[in-house]
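One letter stands for each residue in the lines below.
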Amino acid sequence: MPFTSEEDCIRYIIDVRWPDGYFCDNCKNSEYWILSRKRLKCKKCGTIITLTSNTAFEQSNKSLVLWFHAIRLIITSDKSINASDLQKTLGLGSYKTALTWYHKLTSLIIPPVIERLNGAEETDEIFFPLKEKEGNEHSQVNYIKIPENYDSIFRQVIKHALNYNQKQI
Ligand SMILES: [Zn+2]
């Protein structure tokens, strides 16, 4: 899962949003150009959409590469991660931003991991690296995580992020 450029992330988002291939909402055409600022333009009718509209990434001016990196960091970490770890590792400017990311990422990542639990073997239990939020800062959430399914969990997280309701925050 190498996401080294915005285009890598954009192509991944397109693949998650349109598993059978992109099509324009307006004319159903399947060809597009990738524009700046996370936008796509239909090659036929010229309709432009912003890929991050109504998603968890909507109100962020940070790159998708950084968001993808943060998600990957958390789901593959084998130790506890808190907001200041995120701030340091991602080079975020302020603790306040890091805390916002932390809460958002918690709400994005926990549901797919819980979903994964249902199909997991009991013996696969390992540490889930995000702490509980809201008054339980010191207690740990222990979930089952299956290393070989990182890609699958990552995809679920991105899917969840694309359907994210901003009112959740
Ligand atoms: Zn079109």
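Here the structure is shown first, and the text comes after it.
Residues numbered from 1 in each chain as written. Predicted model: local features only at pLDDT ≥ 70, side-chain atom pairs only at ≥ 80, totals over all residues.

1. Examining unusual backbone geometry
Point 1. In this structure, K28 takes a positive phi of about 70° despite not being glycine.
Point 2. Within the secondary structure layout, K28 lies in the loop between α1 (6-17) and β1 (32-35).
Point 3. Overall, K28 belongs to the exposed group, with 10 C-beta atoms counted inside 10 Å.
Point 4. Its identity as a non-glycine residue notwithstanding, N54 has a phi of 60°, on the positive side.
Point 5. With respect to the helices, strands and loops of the structure, N54 is situated in the loop between β3 (48-50) and α2 (64-76).
Point 6. Look at N54 and you get exposed, because 12 C-beta atoms sit within 10 Å. (Helix = DSSP H or I, 4+ residues; strand = E, 2+ residues; numbered from the N terminus. Buried ≥ 20, exposed ≤ 12 C-beta atoms within 10 Å, placed from the backbone.)

2. Topic: the pairing of β1
Point 1. Relative to strand β2 (residues 39-42), β1 runs antiparallel, the two being bridged by 4 bridges. Bridge assignment links W33 to a residue of β2, and that residue is K41.
Point 2. Hairpin connection from β1 to β2: 3 residues lie between these consecutive antiparallel strands, with R37 at a positive phi of about 55°. (Pairing = 2+ DSSP bridges.)

3. Structural notes on the sheet that holds β2
Point 1. Spatial strand order, β1-β2-β3: 3 strands in an open sheet with antiparallel pairing. Each of the sheet's edge strands pairs with one partner strand only, and the pair in question is β1 and β3. Between one strand and the next, the sheet's axes are offset by a mean angle of 25°, whatever the strand orientation. (Axes fitted to C-alpha atoms, helices over the stretch in contact; angles between N-to-C directions.)

4. Some words on the pairing of β2
Point 1. With 3 bridges joining them, β2 and β3 adopt antiparallel strand pairing. When the bridges of β3 are listed, L40 appears paired with I49.
Point 2. With antiparallel pairing between neighbouring strands as the criterion, β2 and β3 make up a hairpin whose turn holds 5 residues, including G46 at a positive phi of roughly 85°.

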